[in-house]
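So the chains spell out like this:
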Amino acid sequence: KPWLARGDWAAGKIKSTSPAPIGFFLLWSFLALAMSAPAIHAIPTEWQKGNHLILVALLFPAAAFCLLGYSFVKWRSRRRFGDCFFELAQIPAPLGGTLEGMIQTGARLKLEQGLHLKISCIRRTVTVTGSGKNRNTNVNETVLWQDEKVFKPEADLPEPEPGHTGIPVFFKLPADQPECYASGNESVFWRLEAKSKMRGPDFSVTFDVPVFKVAGAAVAEEADEPDPTAALQMPVEELRRDEHSKIRVTDGPDGREFYFPAARNLGTAFGLTLFFLAWTGFTLAAYFLFKSLFFEIIFTAVDVLIFFGCLNLWLKSSRVTIDSTGVRETRRWLLFSRSRNFAANDIVRFDVKAGMTSGTQTFQNIKLITKDSENRFAANREKFQQTGQKPPLEFQVSSPSGYTLASGIACAPEANWLVQEMTGALGRKL
């Protein structure tokens, strides 16, 4: 029972976590100001001498004020919502079963917009390169699986105690995902998030929840347990309108048509473009600083990859047409296009997979699973079982790779709804 190693898990009452305490950001902001004070004092003198690079010293106070602003926002949020806890109905939450419980806020919560509840299975790897003073540690997080639901602003949330609000939590957990564990430089953890935009500081809480394989646990899919939070959730049509979805679904002479326009995620497109410009500047600076062809090749290669990522976000659109005979998909980049056809008898199903991550936002992809990919996956799985060899984690937690029909869907409930619509357009039942 590894979940008993953590006191909060064993007690079934988990406090909201934060990336770092407010004091951490205050400390670094004061250190940045202290480090930049001598340079700032010398700016007028150095500027008169023609040393215009001295203005780089202004980056330190700018960073310090950003940290101070972030600390103030976190402090206001703490004052407004108090300490928040998640109480589990069952300890631990079993794989193949359900995650149930209630988030309790430290103060009364009045929703102004939709409340997003999200559960994610995340793989974290830590890579250490170099040694001594050149030692670098890189932390990479990959979302293996994710589910999300959105409560409507007028949802009647319970009040477990006077002056507090309860947020019911109910998620069906897949049986084929890994449980919480940590081994060497790799770990897997499950994260529960609740967020809602509000005037002033937004409501945002995060919990690390215990999800493990439990012998004899009821399988949620087999039990077909109804969702007790269904009445609180926002209808998909309203959610698409509220999220300003640009994805269009229409009925045409050739079948049901799903159109995914270019530049539909403007925030991500602008963010990656700015990163591309910054990386290009860094690449040029690295060339003049290091005077090394090796560095220039590496930085240029990364720059080219980022550039093509920007082109995809700004220019790529796709149109998927489905009827009982099959699926026709056309991708277009301005004047260039490519089409593919899939016969109905070659299609096993449509599936939703976690895709690109931008900040804390994970975008969803819609996959078309063919019989060939399903057979290859089954053959590989049988090979691992026969040899007794442990398959890599990516194989353990994935289904057949399939063909990506659409990517960059920001809202998981909308992605699940699109899969339902595509399945119905193909003349099949879920």
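Our structure is the block above this text.
In this convention, every chain numbers its residues from 1, walking through the sequence in written order. Only residues with pLDDT of at least 70 are given local features in this predicted model, and only at 80 or more are side-chain atom pairs given and counted; all residues enter the totals for whole chains, interfaces and linings. Hydrogens and waters are ignored; side-chain quantities use all the structure's heavy atoms.

Colleague: What exactly am I supposed to notice about helix α10 (residues 412-425) here?
Modeller: Note on helix geometry: an α-helix contains 3.6 residues per turn, so any two residues three or four positions apart are oriented the same way. Numbering of helices and strands runs from the N terminus; a helix is a DSSP stretch of H or I covering at least four residues, while a strand is a stretch of E covering at least two. To estimate how far a helix should extend, the number of its residues minus one is multiplied by 1.5 Å. Its 14 residues place the ends of α10 20 Å apart at the C-alpha level, agreeing with the 20 Å of an ideal helix rising 1.5 Å per residue. Within α10, the full set of buried residues consists of Ala412, Pro413, Glu414, Ala415, Trp417, Leu418, Val419, Met422, Thr423 and Ala425. Only protein chains enter the accessibility calculation, which uses a 1.4 Å probe; a residue is then buried when its area is under 20% of its type maximum, exposed when over 50%, and partly exposed in between.

Colleague: Looking at this model, I keep getting lost on the pattern of salt bridges. Mind explaining?
Modeller: Any two side chains of opposite charge can pair, so long as their charged atoms come close to each other. Any carboxyl oxygen of Asp or Glu that lies within 4 Å of a side-chain nitrogen of Lys or Arg is treated as forming a salt bridge with it. By the definition in use, this model includes 18 salt bridges. Salt-bridge contacts for Lys13 lead to Glu87; the nearest nitrogen and oxygen are separated by 3.9 Å. With Lys13 in strand β1 (residues 13-15) and Glu87 in strand β2 (residues 85-88), this residue pair connects regions lying 74 residues apart in the sequence. Overall, Glu87 belongs to the partly exposed group, its relative accessible area being 30%.

Colleague: I would appreciate a short explanation of the side chain of Ser318 in the present structure.
Modeller: Positionally, Ser318 belongs in strand β14 (residues 316-323). Among residues more than four places away in sequence, those in contact with Ser318 are Phe258, Tyr259, Phe260, Glu329, Thr330, Arg331 and Leu405. Residue contacts follow a heavy-atom distance rule, with two residues in contact if any of their heavy atoms lie within 4.5 Å.

Colleague: It is not clear to me how the side chain of Lys118 should be interpreted in this structure. Could you clarify?
Modeller: Position of Lys118 among the secondary structure elements: in strand β5 (residues 115-129). This count recognises Lys and Arg as positive and Asp and Glu as negative, with His and chain-terminal groups excluded. One buried charged residue, Lys118, remains without a salt bridge, the closest side chain of opposite sign being Glu148 at 4.6 Å. Those residues within four positions of Lys118 in sequence are excluded, and the remaining contacts are Gln146, Asp147, Glu148, Phe171, Arg191, Leu192, Glu193 and Thr360.

Colleague: Teacher, can you tell me more about the sheet that holds strand β18 (residues 361-370) here?
Modeller: Each strand in a sheet pairs with its neighbour through backbone hydrogen bonds, running either in the same direction (parallel) or in the opposite one (antiparallel). Here the rule is simple: two strands pair whenever DSSP picks up at least two bridges between them. Pairing is antiparallel in the open sheet, where three strands are placed in the order β17-β18-β19. A strand with exactly one partner marks an edge of an open sheet, and here the two such strands are β17 (347-358) and β19 (403-409). Adjacent strand axes in the sheet meet at a mean angle of 20 degrees when their direction is disregarded. Pairing between β18 and β19: four bridges, direction antiparallel. Opposite Leu368, over in β19, you have Tyr403 as the bridge partner. Here α10 sits on the sheet and contacts β17, β18 and β19; the angle it forms with β17, its principal contact strand, is near 160 degrees. Fitting a line to C-alpha atoms yields each axis, with helices limited to the stretch in contact; the angle taken between N-to-C directions then spans 0 to 180 degrees.

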